[in-house]
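Architecture at a glance
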Amino acid sequence: MIVGLLLGLLLYALPAHAIIVNSDTYTGSGSDDDPIAFATACTPDVVIIKRQTATNHAHIATSTMTAGEAFQFTNTSATASVLCVKSLTATGFNRGTSSNCNQAASSHYYVALCPNGANDMEVGTYTGNNGDSRDIPMVASWTPELVIIIPEASAPRVWRGATSHSGDSASHISAASADAANHIQSFGAGTFQVGTAMNASAVVYHWIALKGDAAGIATGSFTGNTSDDRDITTGFAQEFVLVKVGTTAAGPSYRFTGMSGDLSFCLSDAQAANQIQALGATTFQVGTDACSNSNGNTMRWFALGDTPEPSSGFYLRRRNQ
């Protein structure tokens, strides 16, 4: 009986969902193999970095990419940067000398996702075969809440959310363009489906799938109205939020935890006001800019979040502060 009680308490104390999100800012050094250590030490499967002051593109590295490579996140270049994220480590990642990720004396923002044993995230690759309605199998059996695809080609980087999108639609991360069909077409149990636009022959595609979690992973949509200081509810504190207008050529807008004041990024631009103005305990706030609150248009968003203090026993705090 005592053993059973102890086991019950142990299970109660374990996190029900375990994607570790580390987000912070750092000042570039310009040095090669320069380490960044997370507040919560873990080996990331995904790292996204954006330099603060220059109109350069955000970059993304995943554990499925060739060691040392990172690809543009907000542009469509087929050429990988080998001097951006040099390596993923047990405690964070190492930067190279690229000005995109390690410009001396410049501020950079990052968000990183690590698995933590609960099988709530998965990364993988597939090679395109030019077929339509192709199902990409996952090891996990759950239905994704969010899928992001990064091609090793001059092609769009795209995402689709279970709550934010419907029909055969997905949103571009890498271009100021409207929703597009034939990219990520649908989600299923242990699978997602791509069309020919994300299945070009012989192209390697890297994908990230995240399980829905009321405490830290969510997607959604709202109708833009250009109102300032408008709060959008996620139900949890956010580490990273991206908003993309669905019907016109604008955005996306995105904000990292470490950003201060009324500032965020739109596509590859330097940080600016009136887009995603703040991240909060249960909401994020948008301003009047069309990148985040275009009048009369559908705005699609995804949020990667913090978890609350373990008052319920179910969650561990993972925010980098």
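Residues numbered from 1 in each chain as written. Predicted model: local features only at pLDDT ≥ 70, side-chain atom pairs only at ≥ 80, totals over all residues. Heavy atoms only, no water.

So, about the overall build of the chain. From N to C terminus, the chain includes three helices and 24 strands. When burial is assessed residue by residue, the chain has 55% of its 321 residues classed as buried. Long-range pairs, those at least 24 residues apart, make up 67% of the contacts in the chain with a sequence separation of at least 6. When the accessible surface of the chain is totalled, it reaches about 11,700 Å², and 53% of it is carbon and sulfur. (Helix = DSSP H or I, 4+ residues; strand = E, 2+ residues; numbered from the N terminus. Buried < 20%, exposed > 50% of the residue type's maximum accessible area, 1.4 Å probe, protein only. Contact = heavy atoms within 4.5 Å. Areas by Shrake-Rupley, 256 points an atom, 1.4 Å probe, with all protein chains shown as cover.)

This model, assessed by the stated rule, comprises three disulfides. A sulfur-sulfur distance of 2.1 Å marks the disulfide that ties Cys42 to Cys114. Residues Cys42 and Cys114 share a disulfide whose torsion about the S-S bond is about 65°; that sign makes it right-handed. Highlighted residues: Cys42 in the loop between β2 (34–37) and β3 (46–51) and Cys114 in strand β8 (residues 107–115), separated in sequence by 72 residues. Cys42 gets classed as buried once you look at its relative accessible area, which sits at 7%. (Disulfide = S-S within 2.5 Å.)

This part is about the sheet that holds strand β17 (residues 217–223). Read across the open sheet, the five strands follow the order β17-β24-β19-β20-β21; overall the sheet is antiparallel. Each end of this open sheet is capped by a strand with a single partner; those strands are β17 and β21 (265–266). (Pairing = 2+ DSSP bridges.)

This part takes up unusual backbone geometry. One non-glycine residue with positive phi stands out, namely Asn119, at about 60°. Structurally, Asn119 can be placed in the loop between β8 and β9 (121–127). For Asn119, a relative accessible area of 44% puts it in the partly exposed group. Although it is not a glycine, Ser133 adopts a positive phi angle of roughly 50°. Looking at where Ser133 falls in the secondary structure, it is placed in the loop between β9 and β10 (134–137). A residue is classified by how much of its surface remains accessible, and Ser133, at 40% relative accessible area, is partly exposed.

Moving on, we come to the side chain of Glu122. When you line up the elements, Glu122 lands in strand β9. A distance of 2.9 Å separates the side chain of Glu122 from the backbone nitrogen of Ala140, its partner in a polar contact. (Polar contact = N/O pair within 3.5 Å; in protein donor to acceptor, adjacent residues only side chain to side chain.)

With that settled, consider the packing of aromatic side chains. Following the criterion strictly, the structure yields 17 aromatic pairs and no others. A ring pair is formed by Phe240 and Tyr254, whose centres lie 6.2 Å apart and whose planes are at 45°; its orientation type is tilted. Of the two residues, Phe240 is situated in strand β19 (residues 238–245) and Tyr254 in strand β20 (residues 253–256); the sequence distance between them amounts to 14 residues. With relative accessibility at 0%, the residue Phe240 sits in the buried group. A residue is classified by how much of its surface remains accessible, and Tyr254, at 1% relative accessible area, is buried. Three or more aromatic residues joined by ring pairs form one cluster here, namely Tyr109, Trp159, Phe240, Tyr254, Phe256, Phe265 and Phe302. The side chain of Lys50 reaches across the aromatic face of Phe265, ending 4.4 Å from its centre. Above the plane of the ring of Phe187 lies Arg160, whose end atom (NZ or CZ) is 5.6 Å from the centre. (Phe/Tyr/Trp six-rings, centres within 6.5 Å; stacked < 30°, edge-to-face > 60°. Lys NZ or Arg CZ within 6 Å of the ring centre and 35° of its normal.)

For the rest of this paragraph, the subject is empty space enclosed by the protein. Taken as a whole and judged by the stated rule, the model has two cavities of 30 Å³ or more. Here the second largest cavity is characterised by a volume of approximately 40 Å³. Around the second largest cavity, the lining residues are Val46, Ile48, Leu113, Leu146, Ile148, Ile208, Leu210, Phe302 and Leu304. Put simply, the parts of the chain that give the lining of the second largest cavity at least two residues each are β3, β11 (144–151), β16 (204–211) and β24 (298–305). Partitioning the lining of the second largest cavity into residue classes produces nine nonpolar, no polar and no charged. (1 Å grid on protein atoms, 1.4 Å probe; cavity = no way out; pocket = protein on both sides within 12 Å on 5 of 7 lines; lining within 4 Å. Points joined across faces, edges and corners; volume = space filled by probe spheres on them. Nonpolar A, V, L, I, M, F, W, Y, C, P; charged D, E, K, R; others polar.)

This part is about the confidence of the model for the chain. Residues at a pLDDT of 70 or more form 89% of the chain, whose mean pLDDT is 88. Within the model, pLDDT remains below 50 along residues 3–16, and this stretch shows 13 contacts once partners closer than five positions in the same chain are excluded. Here residues 308–321 is modelled with pLDDT under 50, and outside its nearest four sequence neighbours on either side it reaches 48 contacts, counting other chains as well. (pLDDT = per-residue confidence, 0-100.)

Quick look at the nonpolar core now. With 31 residues, the main nonpolar core has Ile148, Leu210 and Phe256 as its most contacted residues. Leave out the neighbours within four places in its chain, and Leu210 touches Ile19, Leu113, Asp120, Met121, Trp142, Pro144, Glu145, Leu146, Ile217 and Leu304. (Core = buried A, V, L, I, M, F, W, Y, C linked by side-chain atoms within 4.5 Å.)

Okay, the side chain of Ser174 next. Note that Ser174 resides in the loop between β13 (171–172) and β14 (184–188). Within the structure, Ser174 has its side chain in polar contact with the backbone nitrogen of Arg157 (distance 2.9 Å). The residues contacting Ser174, other than those within four sequence positions of it, are Phe73, Thr74, Asn75, Thr76, Ala155, Pro156, Arg157 and Leu267.

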